[in-house]
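Chain and residue survey
Each chain, letter by letter, is given below.
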Amino acid sequence: MTDTPAPAPPRSIGKLEKLVLAYANREGVAVGRVRHWISFMLLSGALDRAAGRLGGPRFVVKGGVALELRVPGRARATDDLDVVAICEEDDMVAALDEALREPYHDCSFSRRADTLPLGPNAVRVYVRLAYRSSRWGTIQVDLARPDGHLTETERLPSISLKPFGLSGPADVACLSLRYQIAQKLHGMTKVPYDGSENDRFRDDVDILLMRDLVGHEQLQDVRIACEETFASRGLHEWPPGIALPEAWAAPYTALARSVGLGIESLDDAEQELRRFVRDLVATTAELTSTVPDPDA
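Values in this document were obtained by computation on a predicted structure and should not be read as measured data.

A separate point is helix 5 (residues 177-189). Taking 1.5 Å of rise per residue, 13 residues should cover 18 Å, and helix 5 covers 19 Å from first to last C-alpha, within 8% of that figure. The buried fraction of helix 5 is high, at 13 of 13 residues.

Among the nonpolar cores identified, the biggest contains 49 residues, and Phe59, Leu81, Leu143 and Phe164 are the most heavily contacted of them. In terms of residue count, the dominant contributor to this core is helix 2 (residues 31-50) (ten residues). If near-sequence neighbours (up to four positions away) are discounted, Leu143 is found in contact with Phe59, Val83, Ala85, Met92, Val93, Leu96, Asn121, Ala122 and Val123. By size, the runner-up hydrophobic cluster in this structure holds 41 residues, among which are Leu208, Met210, Val214 and Phe276.

Let us now look at the pattern of salt bridges. It is possible for side chains of opposite charge to pair when their charged atoms get near one another. Taken as a whole and judged by the stated rule, the model has 24 salt bridges. Among the salt bridges present, the one from Arg101 reaches Glu102, with a minimum N-O distance of 3.9 Å. Take Arg101: its relative accessible area is 53%, and that puts it in the exposed class. Of the charged contacts in the structure, one is a salt bridge between Arg233 and Asp147, with a shortest N-O distance of 3.0 Å.

The next thing to look at is helix 4 (residues 92-99). All buried positions along helix 4 are accounted for by Met92, Val93, Ala95, Leu96 and Ala99. Here the buried residues of helix 4 occupy an arc of 160° about the axis, which is enough to place them on one side. For helix 4, the secondary structure elements touched by its buried residues are helix 2, strand 1 (58-62), strand 2 (80-86), strand 3 (107-111), strand 5 (122-131) and strand 6 (134-144). Of the residues that open helix 4, the one with a side-chain oxygen 2.9 Å from the backbone nitrogen of Val93 is Asp91.

The rules behind the values
- Residues numbered from 1 in each chain as written.
- Predicted model: local features only at pLDDT ≥ 70, side-chain atom pairs only at ≥ 80, totals over all residues.
- Heavy atoms only, no water.
- Helix = DSSP H or I, 4+ residues; strand = E, 2+ residues; numbered from the N terminus.
- Expected span 1.5 Å × (residues − 1).
- Buried < 20%, exposed > 50% of the residue type's maximum accessible area, 1.4 Å probe, protein only.
- Core = buried A, V, L, I, M, F, W, Y, C linked by side-chain atoms within 4.5 Å.
- Contact = heavy atoms within 4.5 Å.
- Salt bridge = Lys/Arg side-chain N within 4 Å of Asp/Glu carboxyl O.
- Arc of directions from axis to C-beta.
- Polar contact = N/O pair within 3.5 Å; in protein donor to acceptor, adjacent residues only side chain to side chain.

Now the structure itself:
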């Protein structure tokens, strides 16, 4: 972001819209993407606030928003917020409603009545945001229960809202890198629960972007996260076979080019992903080879 003086808090939704347009033109970013950044950060700040209450739920961001925070300027645009909901209540939606009951700075929230189950452990809802009582937008929020008993988190620097005169969180609680990779590998290689074709070609790009953040010394930790995630979900075994559908070729190439990945063909992506999985599996052999033989 360009280093410019922060404006005063906008007094109206119209003034906020002008600040967004000016920023988008100055930075060469689509207006819609900037609007989503603002919505994601305001929602994330409000959800994180709930964790500070005694017995309050925790919400951990994952998916495309977490990826944008990990690799700013390179990740694909996303228009939804994926969240792990860690709460005592059986009803994740009720926990979300409680977390968003109070305004966050000058932003308030309400939820549309319609919900969409996404399998046994997830649900999709839509949250409306208003700035100073004027409608700002609606964000799709996918809530999921945690895999297993523990959700490992990292706090990543947020997208600053200062260019818009808004107050937002300094950082965001996100699913850790190794578990985000694990979940992406699982999602990319599974057969959807409803029997439809797997269309998660975006996961290819996401995994390859995150792979570049993993040092050799971290491969074992990533493998452990993969083993735990695949075992917890129980849909298919680790390590998965990597066979990317030919139908993914065109959309994969377009997305890879848009983020400057440097791996533009689906065949090359498949080979890189297979190599990455082999590298992860190999850490098991490396670990075994370093353990002394008790009978020696």
